[in-house]
Amino acid sequence: MNPSIPPAGLPADAVRIEAATGSGAGGHLVAYSAFEPYELADYLEALSRLLPDVAITVWRMPTSSLTAFLLSDPEGDLVLGWADTAAQSPGIAARIAPPAAGGCDADGFYRPTGFSLAFVADPALLLLQARGAETPTRWSDLAAPALRQALLFPDPRRSGAGYLALTTILQYYGPEDGWRLMVEIDRNVIDYPGSAWEPAARVGQNGAALGITVRVAARRRLSDNPALIQALPQDAIGAEAEVYGVLAGSTQQALARRALDWVMSDEAADLFRHHAKLLLRGERDPALFPINPERASRERPAVLQRFDALMRLRAVRAPKSEATP
């Protein structure tokens, strides 16, 4: 595999992470990830210090694209961050190298970190546009009529954050009440971007008063714009593990595991903490609502089919000028 050439079958929405990496004198690894580009750049820089002679090329893509791509059995060496529910999709187990010593789970994945949900809000815009609405702190608050056309919700068909958000609503409230609430929330949604970052990034622009996202993206956005605030859905702060692993088809598995040794290190834990990730090897935060990943993965086709139906109803009720591209 020539690492300077994009892998065959690479999704159109994949981007190469431009960041410092090793010289390549000792080898070149190719990794795939669904993490945000800015955090991956930091991880690559840290890995370049641990493995100064190893070059690592990372291709970042949305969770759904990474799932489909890995099922195609691409060339490469590593999964450097992905949602646990996606990793349990049928057929994925065959793409991951068998377990090895050093913190690896029985399915071959490492799970030292997790991600959790958050709201990013513009208090001034909520006050102006939502007629004095307070910042929501529960999922049910997002259904308030005062928030009509004020929300951004990541698309659960593409985004791991979006699927975590929808799954949290369904598993916490139950399927019947959860879908009823989602229908009401949808009436307030401007649109459904394909990543966790975009809802956070667009808050404060074009009427978007609140974005559903993850804490990693929320921290980044608040550092860019201190006038925004983070709020947590206190009824159910949905949380999910993240996975890292060696691809079964890699011809450099020993070298790839050296990179994953860093993922399990104290140095990596400090960097993960900086990016507001959950550290899963210590005591769990009792305020979190960890979803059931096996159930979420098993129910994904039916959940997304019903979400598609909701989007069709949304298109029907939208004014023609909005429904037609």
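Treat the numbers as computed from the prediction; the structure is a model and nothing was measured. (Residues numbered from 1 in each chain as written. Predicted model: local features only at pLDDT ≥ 70, side-chain atom pairs only at ≥ 80, totals over all residues. Heavy atoms only, no water.)

Visitor: Hey, could you run me through the packing of helix α5 (residues 160-173) against helix α11 (residues 293-317) in this one?
Guide: Packed helices, taken two at a time, are described by the angle between their axes plus the distance between the axes. Look at α5 against α11: their axes get within 11 Å of each other, and the N-to-C directions meet at 95°. On the basis of their axis angle, the class for α5 and α11 is roughly perpendicular. The segment α5 lies against α11, with Tyr163, Leu166, Thr167, Leu170 and Gln171 engaging Arg295, Ala296, Glu299, Arg300, Val303, Leu304 and Phe307. Here the contact of α5 with α11 is built from residues that sort into seven nonpolar, two polar and three charged. (Axes fitted to C-alpha atoms, helices over the stretch in contact; angles between N-to-C directions. Helix = DSSP H or I, 4+ residues; strand = E, 2+ residues; numbered from the N terminus. Parallel < 35°, antiparallel > 145°, perpendicular 65-115°, else oblique. Contact = heavy atoms within 4.5 Å. Nonpolar A, V, L, I, M, F, W, Y, C, P; charged D, E, K, R; others polar.)

Visitor: Mind showing me how you'd approach the pairing of strand β8 (residues 210-214) here?
Guide: Moving residue by residue along a regular strand, the side chains alternate between the two faces of the sheet. Most of β8 sits out of view: five of its five residues are buried. Neither face of β8 is left uncovered, since the one carrying Leu210, Ile212 and Val214 and the one carrying Gly211 and Thr213 both have all their residues buried. Both strand β5 (residues 110-121) and β8 contribute to a ladder of five bridges, which runs antiparallel. Within the sheet, the bridge partner assigned to alanine 121 lies in β8 and is leucine 210. In terms of strand pairing, strand β6 (residues 151-152) meets β8 through two bridges, oriented parallel. Bridging across to β8, leucine 152 finds its partner in glycine 211. (Buried < 20%, exposed > 50% of the residue type's maximum accessible area, 1.4 Å probe, protein only. Pairing = 2+ DSSP bridges.)

Visitor: How should unusual backbone geometry be read in this particular structure?
Guide: Trans is the common state for peptide bonds, and a negative phi is the common state for residues other than glycine. Phi is positive for aspartate 73, which is not a glycine, with a value near 60°. Look at asparagine 206: it is not a glycine, yet its phi comes out positive at around 50°. Position of asparagine 206 relative to the elements: it lies in the loop between α7 (197-202) and β8.

Visitor: Could you clarify how one ought to interpret the nonpolar core in this entry?
Guide: Nonpolar side chains tend to gather and get buried jointly when the protein is soluble and globular. Counting residues in each nonpolar core, the largest one holds 76 residues, and the members touching the most others are Tyr32, Trp82, Trp139, Phe153, Met182 and Ile185. Per-element tally for this core: the top contributor is α5, with seven residues. The residues touching tryptophan 139, leaving out its near neighbours within four places in the chain, are Leu117, Phe119, Ala165, Thr168, Ile169, Tyr173, Leu181, Ile185, Ile212, Pro233, Asp235 and Ala236. In this structure, Ile17, Leu51, Val54 and Phe272 belong to the second largest nonpolar core, which totals 30 residues. (Core = buried A, V, L, I, M, F, W, Y, C linked by side-chain atoms within 4.5 Å.)

Visitor: How should helix α6 (residues 175-186) be read in this particular structure?
Guide: Residues spaced three or four apart along an α-helix point in a common direction, a consequence of the helix completing one turn every 3.6 residues. Between its first and last C-alpha, α6 extends 16 Å over twelve residues, near the 16 Å set by a 1.5 Å rise per residue. By the burial criterion, the buried members of α6 are Gly178, Trp179, Leu181, Met182, Ile185 and Asp186. Along the long axis of α6, the arc covered by the buried residues comes to 160°, so they all point the same way. At its buried positions, α6 is contacted by β6, α5, β7 (189-191) and α11. (Expected span 1.5 Å × (residues − 1). Arc of directions from axis to C-beta.)

Visitor: Please clarify how the packing of aromatic side chains should be interpreted in this entry.
Guide: By convention here, two paired aromatic rings are described through the distance between centres and the angle between planes. One pass over the structure, following the stated rule, counts 14 aromatic pairs. Here the aromatic rings of tyrosine 244 and phenylalanine 272 are separated by 6.2 Å at their centres, their planes lie at 40°, and the arrangement is tilted. Here phenylalanine 272 lies in helix α10 (residues 266-274) and tyrosine 244 lies in strand β10 (residues 237-246), a separation of 28 residues in the sequence. Take phenylalanine 272: its relative accessible area is 2%, and that puts it in the buried class. One aromatic cluster is present, formed by Phe35, Tyr43, Tyr244, Trp262 and Phe272 through successive ring pairs. The cationic tip of lysine 277 hangs over the ring face of phenylalanine 35; the distance from NZ or CZ to the ring centre is 3.7 Å. For arginine 300, the ring lying beneath its charged end belongs to tyrosine 163, and the centroid distance is 4.2 Å. (Phe/Tyr/Trp six-rings, centres within 6.5 Å; stacked < 30°, edge-to-face > 60°. Lys NZ or Arg CZ within 6 Å of the ring centre and 35° of its normal.)

Visitor: Looking at this structure, how should I read the environment of aspartate 308?
Guide: Residue placement: aspartate 308 occurs in helix α11. For aspartate 308, a relative accessible area of 29% translates into the label partly exposed.

Visitor: Please clarify how the side chain of serine 65 should be interpreted in this entry.
Guide: Tracing the backbone shows serine 65 in helix α2 (residues 63-71). What makes serine 65 buried here is its relative accessible area of 14%. If near-sequence neighbours (up to four positions away) are discounted, serine 65 is found in contact with Pro11 and Asp13.

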